[in-house]
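Observations on the three-dimensional arrangement
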Amino acid sequence: MTLRLTALVGLLYALGFALFSVSLAQPAEGARTEAVVVLTGGKGRIERGMAVMKRGEATRMLISGADPSVTRADLARRLGPGTLKTLRCCVDLGSEAVDTRSNAEEARRWMIKRGYTSLRLVTSDYHMRRAAYEFANDLPDTKIIEDAVQTRPSLLLLFKEYNFYLLRRAAFWLDM
């Protein structure tokens with residue numbers, strides 16, 4: 001009986017991982033929100049957020065989890081000509097967050113301060129499910145559009161994200 005139950009749990013875990021791996025988040029096109037929140041830590045995320053701003057799909061951007069030593073001028077050098085004006089007027093650098101959960105907390109404070117009710121969440125495709133879960137918990141009354149940066153994650157990275165996601169969900173349900 002114990003062996004069968006263990007095998008069933010293992011099978012469910014493996015099927016969940018397979019589903020998680022093949023159903024990664026996609027980029028969002030054309031959706032308009034008041035704000036865009038970019039989570040640092042992955043290639044192409046800040047560039048994606050700036051593209052959203054240039055298309056006028058959001059009015060202000062928070063780069064959450066930025067290193068405190070990074071300046072707008074540093075970002076302008078990285079992002080290329082014509083970005084400094086947007087960075088100065090419409091981009092806030094948040095340096096309080098150290099993980100996905102604190103990204104959501106930092107974004108919540110920023111959203112409340114500005115009175116925003118909708119946001120576009122930009123992060124990597126493999127990270128989106130966990131990030132969206134954290135943001136939905138911290139910002140339950142906020143419309144959140146998921147805008148994933150496409151990547152080619154390794155199997156190990158997917159495994160790590162899947163386990164983080166499961167652990168956060170389990171912790172949430174155990175707290176109830």
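Figured I'd write up the structure that's included with this text. (Residues numbered from 1 in each chain as written. Predicted model: local features only at pLDDT ≥ 70, side-chain atom pairs only at ≥ 80, totals over all residues. Heavy atoms only, no water.)

Digging into the overall build of the chain
Note the cut-off: Numbering of helices and strands runs from the N terminus, with a helix taken as a DSSP run of H or I at least four residues long and a strand as a DSSP run of E at least two residues long. Burial classes follow relative accessibility: with a 1.4 Å probe on protein chains only, a residue under 20% of its type's maximum area counts as buried, one over 50% as exposed, and anything between as partly exposed. Residues are treated as being in contact if the distance between any of their heavy atoms lies within 4.5 Å. Method for areas: the Shrake-Rupley scheme with a 1.4 Å probe, in which residue coverage is limited to the protein chains shown. When charges are counted, neither His nor the chain ends are considered; positive counts come from Lys and Arg and negative counts from Asp and Glu. Lys charges are placed at NZ, Arg charges at CZ, Asp charges at CG and Glu charges at CD.
In terms of helices and strands, the chain carries seven helices and five strands. Going from N to C terminus, the chain has its helices and strands arranged as α-β-α-β-α-α-β-α-β-α-β-α. Counting all 176 residues of the chain, 43% fall into the buried class. When contacts within the chain are restricted to residue pairs at least 6 apart in sequence, those whose partners lie at least 24 apart make up 77%. Just so you have it, the chain exposes about 10,000 Å², and 60% of that area is on carbon and sulfur atoms. Charge separation in the chain, taken as the distance between the mean sites of 26 positive and 19 negative side-chain charges, equals 4 Å.

A few points about the pattern of salt bridges
Between side chains of opposite charge, a pair can form when the charged atoms approach closely. Counted only if it meets this: A pairing counts as a salt bridge when a side-chain nitrogen of Lys or Arg comes within 4 Å of a carboxyl oxygen of Asp or Glu.
Under the counting rule described, the total for this entry stands at 13 salt bridges. Taking the shortest distance from any N to any O, the salt bridge between R48 and E29 comes out at 3.1 Å. With R48 in helix α2 (residues 45-54) and E29 in the loop between α1 (2-22) and β1 (35-39), the pair connects residues that are 19 residues apart, well separated along the chain. What makes R48 buried here is its relative accessible area of 15%. A salt bridge links R120 to D147; the shortest N-O distance between them is 2.7 Å. A residue pair is termed long-range when its members are at least 10 positions apart, and R120 in strand β4 (residues 118-124) and D147 in strand β5 (residues 143-149) qualify at 27 residues. Taken individually, R120 and D147 each receive the classification buried, so the pair is uniform in this respect. Bridged by salt links that share partners, the residues E29, R48, R55, E57, R120 and D147 form one connected network.

What to know about the pairing of β1
Operational definition: Each pair of strands is called paired provided DSSP finds at least two bridges between the two strands.
With respect to burial, β1 is a largely interior element, five of its five residues being buried. Alternating residues of β1 divide into A35, V37 and L39 and V36 and V38, and every residue in both groups is buried. Pairing of β1 with strand β2 (residues 60-64) involves five bridges; the strand directions are parallel. Residue pairing for β2: A35 is matched across the bridge by R60.

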